[in-house]
Amino acid sequence: MQSNPEKRRDTASRDGEEHRDAERETLMMELTRLVQKSVRESSWWERRGIDCSILTAAFISLPAGFLLLGSSQPLYFLSGVLIMGVVHAVITVKGTHLASHGALSESPVWADFWAVFFIEVCGSFSARAGVQAHVKMHHAHTNVIGLGDSSTWKIPFLPRSVYLFIAPLAVPIITPIVAVGELKGQSPLQILRTVPCVCLGFFSQYYLLRSVSGLSCSSALLVMLLCRAMFSLPYIHVNIFQHIGLPMFSATHRPKRIYQMTHGVLNLPRNPLLDWTFGHSLINCHVEHHLFPFLSDNMCLKVKPLVSQYLKEKKLPYQEDAYISRLSLFFHKYQELMVFAPPITELVGIQ
Ligand SMILES: [Zn+2]
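What you see is a predicted model, and the numbers here were worked out from it, not measured in a lab.

Participant: Give me the lowdown on the overall build of the protein chain, citing residues and values where you can.
Facilitator: Secondary structure summary: the protein chain contains 16 helices and zero strands in total. Counting over 351 residues, the protein chain shows a buried share of 35%. Put simply, of all contacts in the protein chain between residues at least 6 apart along the chain, 68% involve residues at least 24 apart.

Participant: If you had to explain the packing of helix H4 (residues 108-122) against helix H8 (residues 188-211) to someone new, which residues and values would you point to?
Facilitator: Running from amino to carboxyl end, H4 crosses H8 at an angle of 65°, the nearest separation of the two axes being 7 Å. Of the residues in H8, those touching H4 at Val 116, Glu 120, Val 121 and Cys 122 are Arg 193, Thr 194, Cys 197, Val 198, Leu 200 and Gly 201. Within the contact of H4 with H8, the residues separate by chemical class into six nonpolar, two polar and two charged.

Participant: Requested: an account of unusual backbone geometry, with residues and values cited.
Facilitator: With a phi close to 60°, Asn 143 is a non-glycine residue in the positive phi region. Tracing the backbone shows Asn 143 in the loop between helix H5 (127-139) and helix H6 (160-166). Looking at Asn 143, the number of C-beta atoms within 10 Å reads 26, which means it is buried. The phi torsion at Lys 315 lies on the positive side, around 60°, for a residue other than glycine. Tracing the backbone shows Lys 315 in the loop between helix H14 (297-313) and helix H15 (323-332).

Participant: With reference to specific residues and values, describe the nonpolar core.
Facilitator: Core analysis: the largest hydrophobic core is formed by 61 residues, its most contacted members being Leu 69, Ile 91, Ala 99 and Phe 118. A per-element tally of this core places helix H3 (residues 74-100) first, with nine residues. Ala 99 has contacts with Leu 104, Trp 114, Ala 115, Phe 118 and Ile 119, leaving out every residue within four places of it along the chain.

Participant: Requested: an account of the UniProt feature "transmembrane region" (unreviewed entry) in the protein chain, with residues and values cited.
Facilitator: As recorded in UniProt, the feature "transmembrane region" (unreviewed entry) lies at residues 50-69, 75-93, 162-179, 191-209 and 221-238. Secondary structure over residues 50-69 splits into 100% helix and 0% strand, and the C-alpha atoms at its two ends are 29 Å apart. End C-alpha to end C-alpha, residues 75-93 measures 26 Å, and it is 100% helix and 0% strand.

Participant: Go over the packing of H3 against H4 with me, naming the residues and quoting the values.
Facilitator: In the contact formed by H3 and H4, the axes pass within 8 Å of each other and the chain directions differ by 145°. In this structure, H3 meets H4 at a crossing whose hand is left-handed. Seen from H3, the contacting residues are Ile 91, Thr 92, Gly 95, Thr 96, Ala 99 and Ser 100; seen from H4, they are Trp 114, Ala 115, Phe 118, Ile 119 and Cys 122. Among the residues making up the contact of H3 with H4, the classes are represented as seven nonpolar, four polar and no charged.

Participant: Let's hear about H4: which residues, and what values?
Facilitator: For H4, which comprises 15 residues, the first-to-last C-alpha distance of 20 Å matches the rise-based estimate of 21 Å (1.5 Å per residue) to within 8%. Of all the residues in H4, the buried ones are Trp 114, Ala 115, Phe 117, Phe 118, Ile 119, Glu 120 and Cys 122. Check the buried side of H4 and you find it contacts H3, H5 and H8. Phi turns positive one or two residues past the end of H4, at Ser 124, with a value near 55°.

Participant: I'd like to hear about the environment of His 290, residue by residue, with values.
Facilitator: Tracing the chain through its elements places His 290 in helix H13 (residues 286-291). Distance from His 290 to Val 135, taken between C-alpha atoms, is 10.0 Å for residues 155 residues apart in sequence. What His 290 contacts, discounting residues up to four positions off in sequence, is His 139, Thr 142, Met 261 and Val 265.

Participant: Describe the environment of Ile 145, and please don't skip the residues or the numbers.
Facilitator: Secondary-structure assignment places Ile 145 in the loop between H5 and H6. Here the alpha-carbon distance between Ile 145 and Thr 252, two residues 107 residues apart in the chain, equals 9.8 Å.

Participant: Could you give an account of the environment of Thr 92, naming the residues involved and the relevant values?
Facilitator: You can see Thr 92 is positioned in helix H3. When the C-alpha positions of Thr 92 and Gly 123 are compared, they lie 5.2 Å apart, and in sequence the two are 31 residues distant.

The rules behind the values
- Residues numbered from 1 in each chain as written.
- Predicted model: local features only at pLDDT ≥ 70, side-chain atom pairs only at ≥ 80, totals over all residues.
- Helix = DSSP H or I, 4+ residues; strand = E, 2+ residues; numbered from the N terminus.
- Buried ≥ 20, exposed ≤ 12 C-beta atoms within 10 Å, placed from the backbone.
- Contact = placed C-beta atoms within 7 Å.
- Axes fitted to C-alpha atoms, helices over the stretch in contact; angles between N-to-C directions.
- Nonpolar A, V, L, I, M, F, W, Y, C, P; charged D, E, K, R; others polar.
- Core = buried A, V, L, I, M, F, W, Y, C linked by C-beta atoms within 7 Å.
- UniProt positions renumbered as here; feature names shortened; annotations may be inferred.
- Left-handed = near helix turned anticlockwise from the far one by under 90°.
- Expected span 1.5 Å × (residues − 1).

What follows is the structure in structure tokens.
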């Protein structure tokens, strides 16, 4: 039996917790209202047009890339490799990421179409598995141990230099292999869609390299590998730099969304090349993207001042760090970050 003072203490602490919960809900709701107002006041061009134009420009550049790859002049040939690599990154990183969030169209039917086109045809991966892993796990459970803790990118048995600078180059080979593994849990209908879509993307690039660029079989495959691996290093780096090493949360004691995202996500500085190829939501607006994943890259950039100012005013973290600084941290503290279990953030005060 509890004595009366103990009962009063329990009730008071329950009331206090409920009050704090309500306050935290209010913070997220207030910020959401500000962001939604900014979205409503933005034109279609700002909401989707700019990003759709960047993706269209990437597709328009493809013929020049194929023609330059057919040149016997080393400088032209290298320009072709560069164009093909940049275009591949724009389409398969920025395009697949926006498509996985349904950010390319307001119509659900078109959003589904773009997800299949970008993820399966262009990205050689299953759209269902991609959305499940990125949107439903990584975004829903950011930095929650065992769920959205970026553990797929942890290969602790590799030496740090190999993990950071060599293993990422295998991403173009690993991606279709993982995609085949992911087919196991899918319905026959989804398999009948995914396999032809992945083959269509892969073989149409191969066919154009053979017929338009005039490359031999082995040269075409080598060029495909080279172009697909060109941005693999920053792709893996960005994925791990923005989450691993930041506070982690237990699945049973997870904090409110605004605390989870502000403590478990970090922004990198603007970088012209990565802004174009990966998009703002993966580089300098990653915090904004995790708070509002439905926004396009350009809208993430537009609401950035509003979000950062709000978080700073409310004394919430707004984490930013330089690419080189994160690389140096991962290089020097590789064992702690990769091999040992990450420390679970003490939830008192931020739960
Ligand atoms: Zn995302």
